[in-house]
Amino acid sequence: MSKPKVIVTIAPTGGMAYKSQNPHLPTQPDEIARDVYDCYNAGASVVAIHARRPGDDGATCDPAIYRDINRRIRDKCDIVINNSTGGGVHGDMIGQRDSGYWEILWEERLKGMDAGAEMCTLDATTIIASFGGKELLMHTSPERSKHLAIEMKKRGIKPEWEVFSPTHIVQDLATLTAAGFDDEPFFVNLVLGVHRGFQNAMPYTPRVLQSMVDLLPKGSIFCVSGIGPAQLPSAMNSLLLGGHVRVGLEDNLYYEQGVLATNQQLTERIVRLVREMGYEPATPAEAREIMGLPRNREVLPEFAVR
């Protein structure tokens, strides 16, 4: 009897931390591709990519940088590529509006869809991120969420619905999937444990996770992004609830208290634990089958596996 398959996502970089916080953080295309390949060999089947500018490592959704990263990864392996449309909290991604208020820039976020990835994050969320002494509005209204969903569907991109609270599930996610802007299965990333820096986000506890899973629309599958010390327990909790797992330096810089991690270490540990729990990490081909990839389209994306 075959073991149940679990998608292991590696999130190697993110749009927040700097190398000064963990020197193992990959920020440039060659570093990111190297780490992703190591994690693929360790059992990861999906990569959630953020891009950084050359020179200062500022966050960006520049399609040219995404394409460079995507091509380097695809030259090495067939891992599922997921580009962020959230971007980050510095670099190209932030700006001060005429009102004086700082925002994570909508026009920059949209660029994340234009680099040929199979998947993109769809942050159907409006939150306030507190970072670098600034309050940053991430304004994703219902119409903006709909716009992202429409544009992803046009491009044949599968959304990874990234949600931070129950309201993001029962409002934007439920409304847009019911309206046909995504096809089952809906792949949902439940982000927990970032509540101290993101207003409208939820802490991780088993009860919070259970309640959010219970609210998911019919036809959903899910993984959990546990931030910081929540990463490992939320991943195991996700397995127990029938979900998938995610690790990486985007979400957690430490292997254990006081010990900085590498992406490969985090991947090797979660793969080991997935197997100890009686599951088997999905291959990229199996992950595509579980998630319904490739999404229907006339032309396959440039970086899809042919």
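The structure reproduced in this document is the subject of the present report. (Residues numbered from 1 in each chain as written. Predicted model: local features only at pLDDT ≥ 70, side-chain atom pairs only at ≥ 80, totals over all residues. Heavy atoms only, no water.)

1. Brief notes about the nonpolar core
One finds Val47, Ile73, Ile79, Val245 and Ile270 to be the most contacted residues of the largest nonpolar core, which totals 38 residues. Elements supplying a minimum of two residues to this core: strand 2 (8-10), helix 1 (29-42), strand 3 (46-49), helix 2 (63-76), helix 7 (231-240), strand 16 (244-247) and helix 8 (263-276). Formed by 28 residues, the second largest nonpolar core is a distinct cluster that contains Ile157, Val163, Phe181 and Val224. (Core = buried A, V, L, I, M, F, W, Y, C linked by side-chain atoms within 4.5 Å. Buried < 20%, exposed > 50% of the residue type's maximum accessible area, 1.4 Å probe, protein only. Helix = DSSP H or I, 4+ residues; strand = E, 2+ residues; numbered from the N terminus.)

2. What about helix 9 (residues 284-291)?
Count 3.6 residues to each turn of an α-helix, and residues three or four apart come out pointing the same way. The set of residues buried in helix 9 consists of Pro284, Ala287, Arg288 and Met291. Projected down its long axis, helix 9 carries its buried residues within an arc of 100 degrees, all on one side. With its phi angle positive at about 80 degrees, Gly292 sits one or two positions after the end of helix 9. (Arc of directions from axis to C-beta.)

3. Notes on the environment of Pro284
Along the chain, Pro284 turns up in helix 9. The sequence separation of Pro284 and Val8 amounts to 276 residues, and the corresponding C-alpha distance is 9.5 Å. Residues in contact with Pro284, not counting those within four places in the same chain, are Tyr40, Ser45, Asp78, Ile79 and Val80. (Contact = heavy atoms within 4.5 Å.)

4. Some thoughts on the sheet that holds strand 8 (residues 102-104)
Spatial strand order, 7-8-11-10-14: five strands in an open sheet with mixed pairing. In this open sheet, the two strands that pair with only one neighbour each are strand 7 (94-96) and strand 14 (198-199). Bridge analysis of strand 10 (residues 127-131) against strand 14 gives two bridges, and the strand direction is antiparallel. Looking at the pairing, Ile128 lines up with Gln199 of strand 14. (Pairing = 2+ DSSP bridges.)

5. Regarding the state of the cysteines
Tallied over the full model, the rule gives zero disulfides. Residue Cys61 stays outside any disulfide, its sulfur separated by 8.8 Å from that of Cys120, the closest cysteine. Relative accessible area serves as the criterion here: at 0%, Cys61 is assigned to the buried category. Looking at the unpaired Cys223, the closest cysteine sulfur is the one in Cys120, lying at 15 Å. The buried category is assigned to Cys223, whose relative accessible area is 0%. (Disulfide = S-S within 2.5 Å.)

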